Amino acid sequence: MNNKFEVMISQEELEVRIKEMAAELDKQYEGKTVHLIGILKGSVMFLSELAKNMKSEVTMDFISVSSYGDGTSSSGIVRLNKDLDESIEGRDVVIVEDIVDSGRTLSYVRRLFEDRKPKSLKIITLLDKPDRRVVECKVEMSGFVIPDKYIVGFGLDYAQKYRNLPYIAVIE
């Protein structure tokens, strides 16, 4: 790896907060099956850790949307690359995202899913970067609110690299 990193959120901090988020979801969905939908590729690590720490019955699916390409800023155009494998009609759905930045992607996904008539629909994100918001996007739960810096690790990438870092870091 040629880039230098400054750790923003440690592996230990991630583990603690994800366990807290899992416990909160367990309370909200007690006695129900929670259908977690990860937004590929960035949410995979967060979704996996979240699901491992939940006591509720969990099912999973994935959707792939993009607005970045290989750059560091959103193109402004959201594209559906992979749709869900199963219907969400009548299900308690939690969209799991790695980071909310401009809000474009999640605003698009929320509208798409609301039309599919889930019983309930919530968005949770590991990271929230409100200073970058250009589209209103309701997020029901955030792990961490972070400043406007380009970050990598724990699923987040720069040109598809660095997703495997066990922490969140700023590229120096």
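Remember, it's a predicted structure, so these values are computed and weren't measured experimentally. (Residues numbered from 1 in each chain as written. Predicted model: local features only at pLDDT ≥ 70, side-chain atom pairs only at ≥ 80, totals over all residues. Heavy atoms only, no water.)

A. A look at helix H2 (residues 44-53). Every buried residue of H2 is accounted for by Phe 46, Leu 47, Leu 50 and Ala 51. Projected onto a plane normal to the axis of H2, the buried residues spread over an arc of 125° and lie on a single side. Against helix H1 (11-28), strand E2 (33-40), strand E3 (57-66), strand E5 (92-100) and strand E6 (120-128) lie the buried residues of H2. (Buried < 20%, exposed > 50% of the residue type's maximum accessible area, 1.4 Å probe, protein only. Helix = DSSP H or I, 4+ residues; strand = E, 2+ residues; numbered from the N terminus. Arc of directions from axis to C-beta. Contact = heavy atoms within 4.5 Å.)

B. How the structure looks around the side chain of Arg 110. Mapping Arg 110 onto the fold places it in helix H3 (residues 104-114). Note on Arg 110: relative accessible area 12%, which makes it buried. If we skip the residues at most four places from it in the chain, Arg 110 touches Leu 121, Ile 123, Lys 138 and Glu 140.

C. Up close: H3. Every buried residue of H3 is accounted for by Thr 105, Leu 106, Ser 107, Val 109, Arg 110, Leu 112 and Phe 113. Buried-residue contacts for H3 involve E2, E3, E5 and E6.

D. Broad picture of the nonpolar core. Core analysis: the largest hydrophobic core is formed by 28 residues, its most contacted members being Phe 46, Leu 50 and Leu 127. Elements that contribute at least two residues to this core include exactly H1, E2, H2, E5, E6, strand E7 (141-145) and strand E9 (168-171). Examining the composition of this core, we find that 5 residues originate from one element, H1, more than from any other. The contact partners of Phe 46, leaving out residues within four places of it in the chain, are Ile 18, Met 21, Val 96, Glu 97, Ile 124, Thr 125, Leu 126 and Phe 154. (Core = buried A, V, L, I, M, F, W, Y, C linked by side-chain atoms within 4.5 Å.)

E. Layout of the sheet that holds strand E4 (residues 79-82). Spatial strand order, E4-E3-E2-E5-E6-E7: 6 strands in an open sheet with mixed pairing. Either end of the sheet is taken by a strand with one partner, and the two such strands are E4 and E7. Each strand of the sheet is rotated relative to its neighbour by a mean of 25°, with strand direction disregarded. Where E6 meets E7, 4 bridges bridge the pair, whose relative direction is parallel. What sits directly across from Leu 127, in E7, is Phe 144. The sheet contacts of H3 involve E2, E3, E4, E5 and E6, and relative to E5 the element is tilted by about 170°. (Pairing = 2+ DSSP bridges. Axes fitted to C-alpha atoms, helices over the stretch in contact; angles between N-to-C directions.)

F. Up close: the sheet that holds strand E8 (residues 151-152). If you trace the 3 strands from one edge of the open sheet to the other, you get E1-E9-E8, paired in antiparallel fashion. The two strands at the open ends of the sheet, each matched to only one other strand, are strand E1 (5-9) and E8. In the sheet, E1 pairs with E9 via 4 bridges, with the strands oriented antiparallel. Looking across to E9, one finds that Phe 5 is bridged to Ile 171.

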